[in-house]
Amino acid sequence: MLSKWVNGATALVLVLSLFLGACSEAAPTAPPSLPVTPQPAVATPAATTSPAVNAPTTAATKSAPAQPAAPKPGATPKPEKVVALVEYFGLEGFLPHNDTATAFKLLPGYEALWGLDPVTRALRPMLAETLPQWSEDGKTLFINLRQGVQFQGGYGEMTAEDVKFSIELGGRDTSTNTAKGMMAAAKVEILGPHKLAIHLPQPDWAWPLNVATLSPFLLPIVSKKYVETVGEKEAGNMPIGTGPFKLVKHEFGKSLEFEAVPNHWRVTPDYKTLVIKLIGEPATAIAMLRTGEADIAGIPSSFVPEARAAGLDIRLIRNIGAIGVALGGQYLSSRDTYDPNVPWVLARDPERALKVRKALNLAVNRQEIIDKVLNGIGEQWPAISSINNDASWDPSWKPYPYDPVEAKRLLAEAGYPNGIETTMILFPSTGHATKEIGEAVASYWEKIGISVKRLTMDQATHRTRQIGRRNAGFAFPAYRNTYSDDMISGTAFYGSKSTGMNQQFEHARIDDFITRATAELNVDKRMQIEYEFHKFVYDNYLTVPISIEHFPLAVTKRIGDWPSLSGDPYLNNFEYVKLK
């Protein structure tokens, strides 16, 4: 059976590859029926200290060339400014224990241990000198750091002490980092000024991918000397790192201003000044782009026609993830916030709850949402849990159909002939059509008799509610970003220990799947565990999936080549923006 899926996935790759486009393109008039996503296969890591550890050769684990060579001495940026507009800054305490991947991706002053090729998402060295190197038992990760890399502000060379310090910050008890648990479990041993070992309690091939790459960006390497000199508050307000831009001005809730670092070891930006402004409304962003007040903005798919009418270029970051609506309150029963009486939970009658979840799915016309709300930019998808067509995914799993008559029948059969009452939380999220998806799903639910209140809030408030598991009985837009393997996203999005903003559901079986899969070094066995995970999510209608997402960027005519990172729902790679 498994080999059948592998063969099916392989054949699918050949078809899907025909649709793979550049990051810069117009919105498709006839979007492909399936996402263009790199496919996993069985292989060994590109670099090991001993030959025993297997890992999937996904786009994020394949070997790739090192980062571009350092610029020639005397390289300086043009005296020009680029202004980018975003909807969310994070918590604006930019240290590993205070903020999120959303925020760190906006900080080109920071760098990670490993980077990703913008197009293939292949893993390549950044601050680490080589690809991840593992011990034979898979419990120890060895890291050789690049020598001579300097922190901004005269705080000296980056060393193993700084990496150890950064990991320990992220793993603090009070940390809100999504990878807090993984960092807390790591015991860091310094082997030399530029060498260290990460000792893990069990094999975890996903640790470097989940913690220390640019996607997700959860471990910015900070200067121990700087943090200890100025204090954590000041270091979080005005962070410095080793990156190609240095933060020079931070207006809370308004803007971040950076200056290019001349003769940077990796890349010298094409322009001197980068300003990132917080703009909550897409219409305002488009107006600023039209007048030349800004150059770059991520916009919801629903605003693409308006952006084109304003004379702006539209570029797509493809396959950033899957989006839909989460049904809040599917928590472990041990939670203080657990409510067994939520209609889609009903602890004493799980079969009734299943009928409610199924009804909520059948009530939604996914293709109409894609066509009318997302302007055709997307494809129906059967689960928020995966966009990988690999050996863990059964091609027979199709998107749930649109059948409002059956949805009403199921609600009545579940004991709700007059529908149920719920609240849809609406919040903006850079790179995701959260508000639009939430509103559209709410409208379809109302057509089958469900009473839906709308509750609008900012993303930071929603994240706080999520961390505290305070959304029992609430529905809210949810997404699962593109990762190299589904158990990586499983840890962040579905694990009961997750502090992730989009924690969508909890279950003892989900925790078991995650625990077994992340410790399993045999790829075939891991794919079987992941298949069981996907089947459990799909069969139980745990979320209301809608579409694969592509992130539209609106840019002015002065923006030239820009290899933004595919599969990443944030503005990124600012240092590689070229001006015309």
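Thresholds, definitions, all that
- By convention here, each chain's residues receive numbers from 1 onward along its written sequence.
- Whole-chain, interface and lining totals are the exception, using all residues; otherwise, since this is a predicted model, local features are given only for residues with pLDDT of at least 70 and side-chain atom pairs are given and counted only at 80 or more.
- Only heavy atoms go into the side-chain values, all of them from the structure, while hydrogens and water stay out.
- Strands are runs of DSSP state E lasting at least two residues, helices are runs of H or I lasting at least four, and both sets are numbered from the N terminus onward.
- Any pair of residues with heavy atoms lying within 4.5 Å of one another is described as a contacting pair.
- Each axis is a line fitted through C-alpha atoms, taken for helices only over the stretch in contact, and angles between the N-to-C directions span 0 to 180 degrees.
- Working rule for angles: under 35 degrees goes down as roughly parallel, over 145 as roughly antiparallel, 65 to 115 as roughly perpendicular, anything else as oblique.
- Crossing handedness: left-handed means the near helix sits turned counterclockwise from the far one by under a right angle, and right-handed means the same turn made clockwise.
- Three residue categories are used. Nonpolar comprises Ala, Val, Leu, Ile, Met, Phe, Trp, Tyr, Cys and Pro, charged comprises Asp, Glu, Lys and Arg, and polar comprises the others, including Gly.
- DSSP-based pairing: two strands are paired if at least 2 bridges between them are found.
- The working definition used for a salt bridge is a side-chain nitrogen of Lys or Arg within 4 Å of a carboxyl oxygen of Asp or Glu.
- Exposure is judged per residue with a 1.4 Å probe applied to protein chains only, and the accessible area is read against the type maximum: over 50% gives exposed, under 20% gives buried, and values in between give partly exposed.
- Definitions used throughout: a 1 Å grid over protein atoms alone; a cavity as a set of points that fits a 1.4 Å probe which cannot get out; a pocket as an open set with protein on both sides within 12 Å along at least five of seven lines; a lining residue as one with an atom within 4 Å of a point.
- Grid points are joined across faces, edges and corners, and a volume is the space filled by probe spheres set on the points.
- Each helix should span, by expectation, one fewer than its residue count multiplied by 1.5 Å.
- Buried Ala, Val, Leu, Ile, Met, Phe, Trp, Tyr and Cys residues that are joined via side-chain atoms within 4.5 Å together make up what is termed a nonpolar core.

Asker: Honestly, the side chain of His432 in this entry has me stumped. Any pointers?
Answerer: Relative to the assigned elements, His432 resides in the loop between strand E16 (421-426) and helix H13 (434-447). Setting aside anything within four residues of it in sequence, one finds His432 in contact with Ile320, Ile323, Tyr479, Asn481, Glu549 and Pro569.

Asker: Teacher, can you tell me more about the environment of Asn210 here?
Answerer: Assignment of secondary structure puts Asn210 in helix H5 (residues 207-211). Along the sequence, Asn210 and Met182 sit 28 residues apart, while their C-alpha atoms lie 8.7 Å from each other.

Asker: Before we go on, may I ask you to explain the packing of helix H10 (residues 350-362) against helix H12 (residues 404-413) in this structure?
Answerer: Two quantities define a packed helix pair, namely the angle between the helix axes and the distance between the axes. Contact pair H10 / H12: the axes reach a minimum separation of 8 Å and the direction vectors enclose 160°. With respect to H12, the element H10 is oriented roughly antiparallel. In this structure, H10 crosses over H12, and the sense of that crossing is left-handed. Of the residues in H12, those touching H10 at Lys355, Val356, Lys358, Ala359 and Leu362 are Pro404, Glu406, Ala407, Leu410, Leu411 and Glu413. A class-by-class count of the residues in the contact of H10 with H12 yields 7 nonpolar, no polar and 4 charged.

Asker: How should the sheet that holds strand E6 (residues 133-134) be read in this particular structure?
Answerer: By definition, the strands of a sheet pair up through backbone hydrogen bonds, in either a parallel or an antiparallel sense. Ordered in space as E6-E7-E9-E8, the 4 strands form an open sheet in which the pairing is antiparallel. Edge positions in the sheet fall to E6 and strand E8 (187-192), since each has one partner strand and no second.

Asker: Got a minute to help me understand the pattern of salt bridges in this structure?
Answerer: Pairs can form between side chains of opposite charge whenever their charged atoms are close. Under the counting rule described, the total for this entry stands at 23 salt bridges. In this structure, Lys78 and Asp270 form a salt bridge, with 3.3 Å as the shortest nitrogen-oxygen distance. Within this pair, whereas Lys78 is found in strand E3 (residues 78-86), its partner Asp270 is found in the loop between strand E11 (255-260) and strand E12 (271-278), the two being separated by 192 residues in sequence. Notably, a salt bridge pairs Glu232 with Arg172, separated by 2.3 Å at the nearest N-O pair. Of this pair, Glu232 sits in helix H7 (residues 232-237) while Arg172 sits in the loop between helix H3 (160-170) and helix H4 (180-185), placing them 60 residues apart in sequence. Residue classification places Arg172 among the partly exposed positions, given a relative accessible area of 30%. Overlapping salt bridges, with partners in common, bring together Lys355, Glu406, Arg409 and Glu413 in one network.

Asker: Is there a simple way to think about the pairing of strand E14 (residues 313-327) in this case?
Answerer: Moving residue by residue along a regular strand, the side chains alternate between the two faces of the sheet. Counting buried positions over the 15 residues of E14 gives 15, a clear majority of the element. One ladder, built from 11 bridges, connects E14 with strand E19 (residues 543-555); its direction is antiparallel. Bridged to Gly324 within E19 is Pro545. Bridge count for E14 against strand E18 (residues 474-481) is 7 bridges, and the pairing is antiparallel. Bridge pairing in E18 links Gly324 to Ala478.

Asker: Help me out: how do you make sense of the packing of helix H16 (residues 508-519) against helix H17 (residues 523-539) in this one?
Answerer: It is the contact of H16 with H17, at a shortest axis distance of 9 Å, that shows an interaxial angle of 160°. When the axis of H16 is compared with that of H17, the two are roughly antiparallel. When the axes of H16 and H17 are compared, the crossing they make is left-handed. Residues Arg509, Ile510, Phe513, Arg516 and Ala517 of H16 lie in contact with H17, whose contacting residues are Arg526, Ile529, Glu530, Glu532, Phe533, Phe536 and Val537. For the contact of H16 with H17, the class distribution of residues is 7 nonpolar, no polar and 5 charged.

Asker: It is not clear to me how the layout of surface pockets should be interpreted in this structure. Could you clarify?
Answerer: In this approach, a probe sized like a water molecule rolls over the atoms, and the result shows the empty space that is left. Put simply, the second largest pocket is a space of about 590 Å³. Lining of the second largest pocket is provided by 23 residues; of these, Gly181, Met182, Thr491, Lys497 and Ile514 occupy positions nearest its centre. When contributions to the lining of the second largest pocket are tallied by element, the ones reaching two or more residues are H4, H5 and H16. Here the lining of the second largest pocket is built from residues that sort into 8 nonpolar, 11 polar and 4 charged.

Asker: Please clarify how the side chain of Thr556 should be interpreted in this entry.
Answerer: Along the chain, the position of Thr556 falls in the segment after E19. Setting aside anything within four residues of it in sequence, one finds Thr556 in contact with Leu289, Ala294, Asp295, Leu312 and Asp313.

Asker: So what exactly am I meant to see when it comes to H10 here?
Answerer: Taking 1.5 Å of rise per residue, the 13 residues of H10 would be expected to cover 18 Å, and the 18 Å separating its terminal C-alpha atoms lies within 8% of that figure. Where H10 is concerned, the buried positions are Ala353, Val356, Arg357, Ala359, Leu360, Asn361 and Leu362. Close packing links the buried residues of H10 with E14, helix H11 (366-373), H12, H13 and E19.

Asker: What exactly am I supposed to notice about the nonpolar core here?
Answerer: Grouped burial of nonpolar side chains is what soluble globular proteins tend to show. With 80 residues, the main nonpolar core has Leu113, Ile143, Ile198, Trp207, Ile276, Ile296 and Leu571 as its most contacted residues. Broken down by element, this core gets its largest block of residues, 5 residues, from H3. When sequence neighbours within four positions are dropped, the list of residues in contact with Leu571 reads Ala84, Leu85, Val86, Lys105, Leu106, Ile296, Gly298, Phe551, Leu553 and Trp562. Counting residues in each nonpolar core, the second largest holds 52 residues, with Ile323, Leu360, Ala414 and Tyr444 among its members.

Asker: What exactly am I supposed to notice about unusual backbone geometry here?
Answerer: Residues apart from glycine generally show negative phi values, whereas peptide bonds are mostly found in trans. Look at Glu92: it is not a glycine, yet its phi comes out positive at around 60°. Within the secondary structure layout, Glu92 lies in the loop between E3 and helix H2 (101-104). At Asn375, a position not held by glycine, the phi torsion is positive, near 55°. Inspection of the secondary structure puts Asn375 in the loop between H11 and strand E15 (379-380). With relative accessibility at 28%, the residue Asn375 sits in the partly exposed group.

Asker: Help me out: how do you make sense of the environment of Ala184 in this one?
Answerer: Along the chain, the position of Ala184 falls in helix H4. Taking relative accessible area as the criterion, Ala184 reaches 38% and is therefore assigned partly exposed. For the pair Ala184 and Gly171, spaced 13 residues apart in sequence, the C-alpha to C-alpha distance is 4.0 Å.

Asker: Sorry if this is basic, but what is going on with the pairing of E12 here?
Answerer: Note: E3 against E12, 7 bridges, orientation parallel. Considered in E12, the bridge of Val82 is made with Leu274. Pairing of E11 with E12 involves 5 bridges; the strand directions are antiparallel. Bridge pairing in E12 links Glu257 to Val275.

Limitation: the analysis is restricted to geometry and does not speak to function.
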